[in-house]
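Below, each chain spelled out in residue letters.
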Amino acid sequence: LALALLVFLLLARALVQGKSTLPAGLALGAAFLVRPEFLLMFALAFVALLADSEPRRRATRALGLLIGAAITAGPWLVVAFTWFHRILPNTGAAKAGAFLDPERAISALRESIRALLAADFVPLAMAIGVLAWMRPWRAMGDGGRRAFWALVIAWPVLLILGFVLQGVQVVSRYLVPL
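Keep in mind it's a predicted model, so treat the numbers as computed, not measured.

**Digging into the overall build of the protein**
Across its full length, the protein carries eight helices and zero strands. When the elements of the protein are put in sequence order from the N terminus, they spell out α-α-α-α-α-α-α-α. Within the protein, buried positions represent 32% of all 178 residues. Taking the intrachain contacts of the protein between residues at least 6 apart in sequence as the baseline, contacts between residues at least 24 apart amount to 70%. Surface summary for the protein: the accessible area is close to 10700 Å², and the carbon and sulfur share equals 70%.

As structure tokens, then:
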């Protein structure tokens, strides 16, 4: 959870303030080593950077994110491919029933909602209340701020949707990166 918060902080620094993307890339690479689901966060951050950056700075900013992630995750990816002949662990595939099976997806969605409500009802209710009170969509503004908020909103939705489409029965510890 602390690493997820660090990733969001560094992405906000890069997207909103226009600072270097290398620290965000380093944190994303480290987060990927801990939880492979952060590969989705990397993809979202990459798209947000490309959408936000000025055309002449896009390549530099995207390259900073890519180099940072490669510095931290690259050595392990080489070792994993050399030893296991795959770069991603197969734990998600082992937990999944069948990809895009509607019955398993509906069951997984129901179980995900049940796990969220059972384990995280109070923090979830507080977060929804704070978001409703703060109305962040009014403060989104243009450019980097909007890209950052889009990334923050898309991350939990796409993470749960990815689990659901794989038919993974989500338990609350899978949602720690949220």
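**Focus: helix 4 (residues 58-84)**
For helix 4, the principal kink sits at Ala73 and spans about 55°; a proline, Pro75, occurs within the next four residues. Of the positions making up helix 4, those classed as buried are Arg61, Ala62, Gly64, Leu65, Gly68, Ala69, Ala73, Gly74 and Ala80. Packed against the buried residues of helix 4 are helix 1 (2-16), helix 2 (22-34) and helix 3 (38-52). His85 lies just past helix 4 and shows a positive phi near 60°.

**Remarks on the nonpolar core**
One finds Leu11, Leu28, Phe38, Met41 and Leu65 to be the most contacted residues of the largest nonpolar core, which totals 28 residues. For this core, the secondary structure elements donating two or more residues are helix 1, helix 2, helix 3, helix 4 and helix 8 (144-166). If sequence neighbours within four positions are ignored, Met41 has contacts with Val7, Phe8, Leu11, Leu28, Leu151 and Trp155.

Calculation rules
Residues numbered from 1 in each chain as written. Predicted model: local features only at pLDDT ≥ 70, side-chain atom pairs only at ≥ 80, totals over all residues. Heavy atoms only, no water. Helix = DSSP H or I, 4+ residues; strand = E, 2+ residues; numbered from the N terminus. Buried < 20%, exposed > 50% of the residue type's maximum accessible area, 1.4 Å probe, protein only. Contact = heavy atoms within 4.5 Å. Areas by Shrake-Rupley, 256 points an atom, 1.4 Å probe, with all protein chains shown as cover. Bend = angle between axes of the 7 residues up to and from the residue. Core = buried A, V, L, I, M, F, W, Y, C linked by side-chain atoms within 4.5 Å.

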